[in-house]
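Tertiary structure, described
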Amino acid sequence: MSTLSAIHGLASTIFSNLFVILPVPESLPGLSEKTYIVTGANQGLGYESCKHLLRIGVGKIIMGVRSLDKGEAARRTLLDESNRSPDSIQVWQVDMADYASIQAFANRAASTLARLDGVLANAGIMSGKFYTLEDNESTITVNIVSTYLLFLLILPKMRETPGGTSSFVVVNSALHYVASTNEIALATVNGKPRTIFERLNSPDEADMKDRYNVSKLLVVLVTRALDARLKQSKKPGAAIIVNTPNPSYCKSALLRDMDQTPPPEFLARTTEMGSRALVHGLLAGRESSGQYLTNCHVQA
C-alpha cells in the first residue's frame with residue numbers, strides 16, 4: 001500500500017459521499033427483452049439494484065439468494081411496489097460459499113434461460129475472523145473464487161445472448177486503494193515458490209483487518225486480466241463486458257461481522273444511492289470493460 005494510494009482512496013470516498021449525487025438509472029431501448037441476474041438480491045445493494053432494474057423496464061430479473069424464504073419475501077415486496085407482472089422476477093437459490101450450489105445455479109441458467117444480458121455479482125462478505133469455506137479462507141472463497149467460478153460457468157450462456165453484449169459486474173470498494181500487497185506478493189519458502197493462495201490461506205500470517213481490502217484489490221486485477229483474455233478470444237457470440245463498480249461506503253449489513261468501529265454514518269450513502277453505481281456498471285458499454293468504475297464513470 002502506498003501512502004498516496006491510501007490518501008486518494010480516503011479522499012475520493014469522503015468527497016463522493018458528501019458532494020456527489022449519482023444519476024438515477026434511466027430506461028434504454030430494448031430493456032424489456034433483457035434478462036439479468038443479481039446475486040445477494042434480497043437485501044441492501046442487491047435489492048435496491050433490483051428495484052431500479054424493474055423501474056426502468058428490464059424484462060426479467062433472476063434474484064440469486066442464499067435463503068429462498070427471504071428471497072421470496074423480497075420478491076413479493078418488489079412486485080407490490082413496482083406493479084410488475086409476477087413473471088418479471090424469479091428467485092433462485094445460490095450459496096456463494098458452496099461450489100456445488102454455484103454449479104447448480106449456473107446449470108439452471110444454461111438450461112432454462114433464453115438469454116442472459118448481464119450478471120451483477122453483488123454477493124460478498126467482510127469478516128474479521130479467519131475461517132475456511134470450501135478450500136480457502138472465507139473472504140477469498142466468496143469474494144474471489146466463487147465469484148469468478150460463477151463467471152466461468154455462466155460464460156457460455158452469456159456468449160449465446162443475442163444483441164451484441166453481455167456484462168459481468170463485480171462490486172468493488174475504494175478500500176482496494178489501502179490494501180497491502182504483502183499477502184499477494186510471490187515469495188519462496190525454503191527455496192520453493194509459494195503461491196498467493198498458500199499465503200492467503202495461512203492462518204498464522206493472515207491480516208484479517210486487511211483481508212476484505214485485499215479481496216477487492218484482487219477483483220481489480222482479475223477484472224483487468226479477464227478483459228485482456230476476452231479481447232484476445234476468437235470465440236463467436238456476444239462480446240463480454242467485465243467491470244467492477246464502486247458503490248462507495250453505504251449503510252448496509254456488510255460490516256456486521258467486523259469487530260472494529262465503522263466509519264461515521266454521516267459519511268455513508270444510502271444503499272439506494274450506492275445501487276445506482278451498480279446498475280450503471282451493468283448497463284455500461286464496452287468502454288467500461290476491464291475498468292474500475294466510480295461515481296458512474298471509468299476511474300482513470
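Small disclaimer: the values here were computed from a predicted structure and weren't measured.

So, about the pairing of strand S10 (residues 239-246). In terms of burial, S10 is a largely internal element, seven of the eight residues being buried. One ladder, built from five bridges, connects strand S7 (residues 165-170) with S10; its direction is parallel. Bridging from a neighbouring strand, Thr165 pairs with Ala239 of S10. Note: S10 against strand S11 (residues 292-294), three bridges, orientation parallel. Across the sheet, residue Asn246 finds its bridge partner in S11, namely Thr294.

Residue placement: Gly285 occurs in the loop between helix H8 (271-283) and S11. Residue class for Gly285 comes out partly exposed when judged on its relative accessible area of 27%.

Our focus in this paragraph is H8. Helix length check: H8 (13 residues) gives 18 Å between terminal C-alpha atoms against 18 Å at 1.5 Å per residue, within 8%. Residues Thr271, Met273, Gly274, Ser275, Arg276, Ala277, Leu278, Val279, Gly281 and Leu282 constitute the buried set of H8. Check the buried side of H8 and you find it contacts strand S1 (35-39), helix H2 (44-55), strand S4 (118-121), S7, S10 and S11.

Before going further, it helps to spend a moment on empty space enclosed by the protein. In this structure the tally under the stated criterion is one cavity of 30 Å³ or more. In this structure, the largest cavity spans a volume of roughly 40 Å³. Contributing to the lining of the largest cavity are Ala121, Asn122, Ala123, Gly124, Asn143, Thr147, Val170, Val171 and Lys216. The residue inventory of the lining of the largest cavity, partitioned by class, reads four nonpolar, four polar and one charged.

What counts, and at which threshold
- Residues numbered from 1 in each chain as written.
- Predicted model: local features only at pLDDT ≥ 70, side-chain atom pairs only at ≥ 80, totals over all residues.
- Heavy atoms only, no water.
- Buried < 20%, exposed > 50% of the residue type's maximum accessible area, 1.4 Å probe, protein only.
- Helix = DSSP H or I, 4+ residues; strand = E, 2+ residues; numbered from the N terminus.
- Pairing = 2+ DSSP bridges.
- Expected span 1.5 Å × (residues − 1).
- Contact = heavy atoms within 4.5 Å.
- 1 Å grid on protein atoms, 1.4 Å probe; cavity = no way out; pocket = protein on both sides within 12 Å on 5 of 7 lines; lining within 4 Å.
- Points joined across faces, edges and corners; volume = space filled by probe spheres on them.
- Nonpolar A, V, L, I, M, F, W, Y, C, P; charged D, E, K, R; others polar.

Just geometry here; none of it tells us what the structure is for.
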